[in-house]
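Close look at the chain arrangement
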Amino acid sequence: MLKLQSRPNGAQHLGFLDGFKGLAAQLIVLHHLAFYGPMSDHVRPAAPLLIDWLDVYARMAVQVFLVIGGFLAARSLCPDGVARPGATPGLASLLARRYLKLAPPFIVAMLLASCASALAAGWMNHYSISAPTTLAQLAAHVLLAHDILGYEAISAGAWYVAIDFQLYALMAAVVWLCGRGGLVADAVRRPWLVPLLIALLAATSLLVFNRHAALDVWAPYFFGSYGLGALAWWARSGAAGRRRLLLAAILFCPLLALAIDFRERIALAAVLSLLLAFWRSSGRATIFTPLLGWLGRISYSVFLVHFPVCLLVNALFTRVMPGTAGWQGLGMLVAWVASVAAGAAFFRCVERPLGQRLSLARRVQADRVGVTA
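The structure contained in this document is the topic of the report that follows.

The rules behind the values
- Residues numbered from 1 in each chain as written.
- Predicted model: local features only at pLDDT ≥ 70, side-chain atom pairs only at ≥ 80, totals over all residues.
- Heavy atoms only, no water.
- Helix = DSSP H or I, 4+ residues; strand = E, 2+ residues; numbered from the N terminus.
- Buried < 20%, exposed > 50% of the residue type's maximum accessible area, 1.4 Å probe, protein only.
- Contact = heavy atoms within 4.5 Å.
- Areas by Shrake-Rupley, 256 points an atom, 1.4 Å probe, with all protein chains shown as cover.
- 1 Å grid on protein atoms, 1.4 Å probe; cavity = no way out; pocket = protein on both sides within 12 Å on 5 of 7 lines; lining within 4 Å.
- Points joined across faces, edges and corners; volume = space filled by probe spheres on them.
- Nonpolar A, V, L, I, M, F, W, Y, C, P; charged D, E, K, R; others polar.
- Core = buried A, V, L, I, M, F, W, Y, C linked by side-chain atoms within 4.5 Å.
- Salt bridge = Lys/Arg side-chain N within 4 Å of Asp/Glu carboxyl O.
- Patch = residues over 30% accessible without salt bridge, like charges linked within 9 Å, V, L, I, M, F, W, Y side chains within 5 Å.
- Phe/Tyr/Trp six-rings, centres within 6.5 Å; stacked < 30°, edge-to-face > 60°.

1. Quick look at the overall build of the chain
- Per the secondary structure count, the chain includes 16 helices and zero strands.
- For the chain, buried positions account for 49% of its 373 residues.
- Long-range contacts, defined here as pairs at least 24 residues apart, represent 77% of the contacts in the chain between residues at least 6 apart.
- Of the roughly 17,400 Å² of accessible surface on the chain, 67% is carried by carbon and sulfur atoms.

2. What to know about the side chain of Arg 98
- By the element assignment, Arg 98 lies in helix H5 (residues 91-121).
- Excluding anything up to four places from it in sequence, Arg 98 contacts Asp 164, Phe 165 and Tyr 168.

3. Considering empty space enclosed by the protein
- In this structure the tally under the stated criterion is two cavities of 30 Å³ or more.
- In this structure, the largest cavity occupies an estimated 50 Å³ of space.
- Contributing to the lining of the largest cavity are His 32, Leu 33, Tyr 36, Gly 37, Ser 128, Phe 307, Cys 310, Leu 311 and Asn 314.
- Broken down by secondary-structure element, the contributors of at least two residues to the lining of the largest cavity are helix H1 (16-35) and helix H14 (299-320).
- Here the lining of the largest cavity gets four residues from one element, more than from any other, and that element is H14.
- Residue classes in the lining of the largest cavity are distributed as five nonpolar, four polar and no charged.

4. What to know about the nonpolar core
- The biggest cluster of nonpolar side chains holds 79 residues, and the ones touching the most others in it are Met 171, Ile 198, Trp 234 and Leu 276.
- The element best represented in this core is helix H8 (residues 158-179), accounting for 13 residues.
- The contacts of Met 171, once residues within four sequence positions are left out, are Gly 70, Ala 73, Ala 74, Leu 77, Ile 198, Phe 223, Tyr 226 and Ala 230.
- The next biggest cluster of nonpolar side chains, apart from the first, holds 22 residues, and it includes Leu 33, Trp 294, Leu 295 and Ile 298.

5. Overview of the pattern of salt bridges
- Overall, the coordinates contain six salt bridges when judged by the stated rule.
- A salt bridge links Asp 55 to Arg 44; its shortest N-O distance comes to 3.8 Å. Of this pair, Asp 55 sits in helix H3 (residues 48-56) while Arg 44 is found in the loop between helix H2 (39-43) and H3, placing the two residues eleven residues apart along the sequence.
- If you follow the salt bridges from partner to partner, you end up with Asp 18, Lys 21 and Arg 297 in one network.

6. Concerning the side chain of Gln 328
- By the secondary structure assignment, Gln 328 is in helix H15 (residues 325-364).
- With residues near it in sequence (within four places) discarded, Gln 328 still touches Met 39, His 42, Val 43, Phe 317, Met 321, Pro 322 and Gly 323.

7. Some points on the layout of surface pockets
- The volume enclosed by the second largest pocket comes to roughly 930 Å³.
- What lines the second largest pocket is a set of 39 residues, among which His 31, His 32, Arg 59, Trp 159 and Asp 216 lie closest to the centre.
- Broken down by secondary-structure element, the contributors of at least two residues to the lining of the second largest pocket are H1, helix H4 (62-77), H8, helix H9 (193-207), helix H10 (219-234), helix H12 (264-278) and H14.
- For the lining of the second largest pocket, the residue count by class is 22 nonpolar, eleven polar and six charged.

8. Regarding a nonpolar patch on the surface
- A cluster of nonpolar side chains, namely Leu 119, Trp 123, Leu 316, Val 320, Met 321, Trp 327, Leu 330, Leu 333, Val 334, Trp 336 and Val 337, defines an oily patch on the protein surface of about 920 Å² accessible area.
- Taken together, the elements giving at least two residues each to the nonpolar patch come down to H14 and H15.
- In terms of residues, the nonpolar patch owes the most to one element, H15, which gives six residues.
- Relative to the assigned elements, Val 337 resides in helix H15.
- Among the residues examined, Val 337 registers a relative accessible area of 52% and is labelled exposed.

9. A word on the packing of aromatic side chains
- Counted under the stated rule, the structure contains 15 aromatic pairs.
- Ring centres of Phe 20 and Trp 279 lie 5.6 Å apart, and the angle between their planes is 75°; this geometry places the pair in the edge-to-face category. Of this pair, Phe 20 sits in helix H1 while Trp 279 sits in the loop between H12 and helix H13 (290-297), and the two are 259 residues apart along the sequence.
- Judged by its relative accessible area of 10%, Trp 279 falls in the buried class.
- Ring plane angle 90° and centroid distance 5.7 Å describe the contact between Trp 159 and Tyr 160, whose orientation is recorded as edge-to-face.
- Feature note: the residues Phe 65, Trp 159, Tyr 160, Tyr 221, Phe 222 and Phe 303 constitute an aromatic cluster, connected by ring pairs.

As structure tokens, then:
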């Protein structure tokens, strides 16, 4: 039986993030179940409002991961918003650490997805089944550059891992340049510099890049939400005047962008950023159940492996079960539960062991593998 373990006391102050991530990950799984048939194709006539909502709106849960990603990146790269010369590691080291955190479990998941797609192709014929994976395609995924290089994604959601790495790289470059005095001298005397640059980048993303869907393989398209998350972290502490300015940026940048071109996903990112800026864990983090917190801790693993699981369940129910809404709806429920179970197993057997084994490499050898990563 799976045990729901609480976090160590030192991590309690950010435990509320697990609740958001747990809920968002489940919505992404349900979105893909609704978007990729054929089970949902049979269920849609019986429950059109539910399937359509999951298809159209549940995918906006990715904004939760974007905002929280920026929030945590600011916490790790520049906790107080000040890039101190000599305090920031080399940029290659930062990128290598991030790559070693994201890529190894991602690569394992892509191999599993390739096998699942080949197996499902023998049971059904459907557009959700990808062509056999090529070596070049797999290499592009290893480099987290499959979309940029024009290769078809091996698994749904693979795009996000590549974008997360780009977003982190962009923020790390800003912090590193400020810390090295690459933009202006004596960055310590300018505590507003890093937040200002991130706010400007976020505003540019919201007002310009995010309005062009063709740019969605590049970090600037998504940096609006990511930058709002970073500003939310810095708005939680520090001088009252600076906090008010940061909160104003979190509020008015999205408002201006939405007035020009209303996008529901940006409105959601703005609301979540404000919520994170004001959230204090004392007593209120308990609104999230231990189950939801546990789902948050395994959310990356669930995100990585749910699609091949859903694909196999789709193929199985298409082959052996009647094509009625009841039976296929049961298949969707089975796929959802199986995705969580597979994510938990992947977290325990792949993500966590790899993280433990590579943590030393991220700390000590990152400079050596920076170019390779």
